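Secondary and tertiary structure notes
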Amino acid sequence: MKGYHGAGGEQSPPAYSKVIKTSFKNTIDGVAEIFSLHGNHYPKLDNIRFHLTQSSLQVGLLYYCEIPIETKSSTKEIVVSYFFSTKHILGCIPNHNRWSEIQIVRVIAVLTIHLLSLLAFFYNTSLSTFISVLILVLSGGFGINIGYHRFLSHRSFKTSRLIQFILTLLGVLAIQCGPITWVGIHRLHHQETDRKFDPHSPNVSLLWAHFLWTFFPHPFVTTYQEREKYTKDLLQFPEIIWLEHNFLAINLVFLALLFLSGFLVNGWCGALAWFCCIGCLRICITWHLTFIVNAVNHRWGYRNYETPDNSRNNILISILVFFGEGWHNNHHAEPKSARHGHRWFEFDLAYLLICLLQKLHLIWDVQLPRIPQTINGTTS
Ligand SMILES: [Zn+2]
Ligand SMILES: [Zn+2]
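Sequence order as written defines residue numbering, which begins from 1 separately in each chain. Chain letters start at A and ligand numbers start at 1, both assigned in the order the entries are written. pLDDT decides what is reported in this predicted model: residues at 70 or higher carry local features, side-chain atom pairs at 80 or more are listed and counted, and totals for whole chains, interfaces and linings draw on all residues regardless.

1. Some remarks on the overall build of the chain
Under the scheme used here, helices are H or I runs from DSSP no shorter than 4 residues and strands are E runs no shorter than 2 residues, and both carry numbers assigned from the N terminus. When helices and strands are counted, the chain shows 14 helices and nine strands. With C-beta atoms placed from the backbone, a residue is buried if 20 or more other C-beta atoms are within 10 Å of its own, exposed if 12 or fewer are, and partly exposed between those counts. Going through the 380 residues of the chain one by one, you find that 39% of them count as buried. Remark: residues whose backbone-derived C-beta atoms lie within 7 Å of one another are considered to be in contact. Of all intrachain contacts in the chain linking residues separated by at least 6 positions in sequence, the fraction that spans at least 24 positions is 68%.

2. As for the confidence of the model for the chain
Confidence scores labelled pLDDT are given residue by residue by the predictor and lie between 0 and 100. Considering every residue of the chain, the mean pLDDT works out to 77; 73% of them sit at 70 or more. Confidence, read as mean pLDDT per element, is least for strand β3 (residues 62-67) in the chain (29) and greatest for helix α6 (residues 161-172) (97). When the criterion is pLDDT under 50, residues 1-88 qualifies, and its contacts beyond four places in sequence or with other chains add up to 110 contacts. Low pLDDT, under 50, characterises residues 376-380; the stretch is placed with eight contacts to residues that sit more than four places away or in other chains.

3. Focus on α6
Here, expected helix span is obtained from the residue count minus one, scaled by 1.5 Å. Taking 1.5 Å as the rise per residue, α6 with 12 residues should run 16 Å; its terminal C-alpha atoms sit 16 Å apart, in good agreement. Buried residues of α6: Gln164, Leu167, Thr168, Leu170, Gly171 and Val172, and no others.

4. Some points on the environment of proline 308
Along the polypeptide, proline 308 turns up in the loop between α11 (247-296) and α12 (315-320). Here proline 308 falls in the partly exposed class, since 14 other C-beta atoms lie within 10 Å of it. Residues proline 308 and threonine 193, 115 residues apart in the sequence, show an inter-C-alpha distance of 8.5 Å.

5. Some words on the packing of helix α5 (residues 126-153) against α11
For helices, the fitted axis covers only the stretch in contact; all axes are lines through C-alpha atoms, and the angles between them, taken along N-to-C directions, range from 0 to 180 degrees. Taken N-terminus to C-terminus, the directions of α5 and α11 make an angle of 35 degrees; their axes are 9 Å apart at the nearest point. Between α5 and α11 lies a crossing of right-handed hand. Of the residues in α11, those in contact with Ser128, Thr129, Ile131, Ser132, Ile135, Leu136, Ser139, Gly140 and Ile144 of α5 are Gly262, Ala273, Trp274, Cys277, Ile278, Leu281, Arg282, Ile285, Thr286, Leu289 and Thr290. Crossing handedness is read from the near helix: turned anticlockwise from the far helix by less than a right angle, it gives a left-handed crossing, and turned clockwise, a right-handed one.

6. Focus on the nonpolar core
In terms of nonpolar packing, the biggest core is built from 57 residues, with Trp274, Phe275, Cys276, Cys277, Ile292 and Ile354 touching the most fellow members. Secondary structure elements with two or more residues in this core: α5, α6, α7 (179-191), α8 (206-210), α11 and α14 (349-359). Of all the elements, α11 adds the most residues to this core, at 19 residues. The contacts of isoleucine 292, once residues within four sequence positions are left out, are His210, Ile317 and Val321. Buried Ala, Val, Leu, Ile, Met, Phe, Trp, Tyr and Cys residues form a nonpolar core when they are connected through C-beta atoms within 7 Å.

Shown next as structure tokens:
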């Protein structure tokens, strides 16, 4: 594959390199600082797409900066990755956000669910564990990966209103957010990938990309009206709008039903087991499995395609998030494709399930990659 991809690669030497002492206040300041050392100024940034990799030799003080520069005068993209800088692993938020904007209620709710999930280790039973795994697969796998992501966000296949409703309802039960909000944010991620207004880029910080971003408003998709701009195709379905508006109520009813069912099976211990294990622990696992892709797959891994972003395929994430979401570079190269695994070893469980649903005539018009499948000189 042509092009560069990150620090320590085997690509040709960068156009400029320099050891400097600095501490970057933020991405753009850091970039401007480096460019000013080379006699360039802000206006130049508009005309140059570059990839800055940074590794701290002495954390916080010495940075070895490599700046390979592509002189594509028409592009206005800036792709910046920070490697091994403690400051940028933890704690950074984008310039357009303020810490005062953090949504405290959401933070408390998320922390409470995490704490309650710990009780699952004391009260769970084999039955509650089994149902947890079942609902994890249904809500996380079918609901988020197949429903919210491949179907609603990217229209990777067609289906009936009933199956659409079932897939969307399963996504709702993963308690990430309503379908219109999720799709709006995700389409914005594809539109702004690894740039300033990407909702969850690890270029801000790893913690931001993994979870912190969920506690802050985004200037483009804060209100429902703003999200509608990205999801016009979904607004023709009243049932999807209903699921969006009743997202919280549906989940509260579901959690209450879990508590009641557990109580009927095994009294108060059963109620706690079902609520904490099937409710809270299952939700926490789905959250972290979904969000880890945002953090890791835009930083570490290999690339099959030279996309204009920093997306990567990561084998470890693909094992952990076993539904095939780890082949993220393939996905950014072919967002509409229902198949994320493009090479023979890139196992994609979600695609196999999509094929099964197609065989059962529950879905149809499944989209496949359009790019000729020649990767690194081999045909997959
Ligand atoms: Zn991505
Ligand atoms: Zn996507």
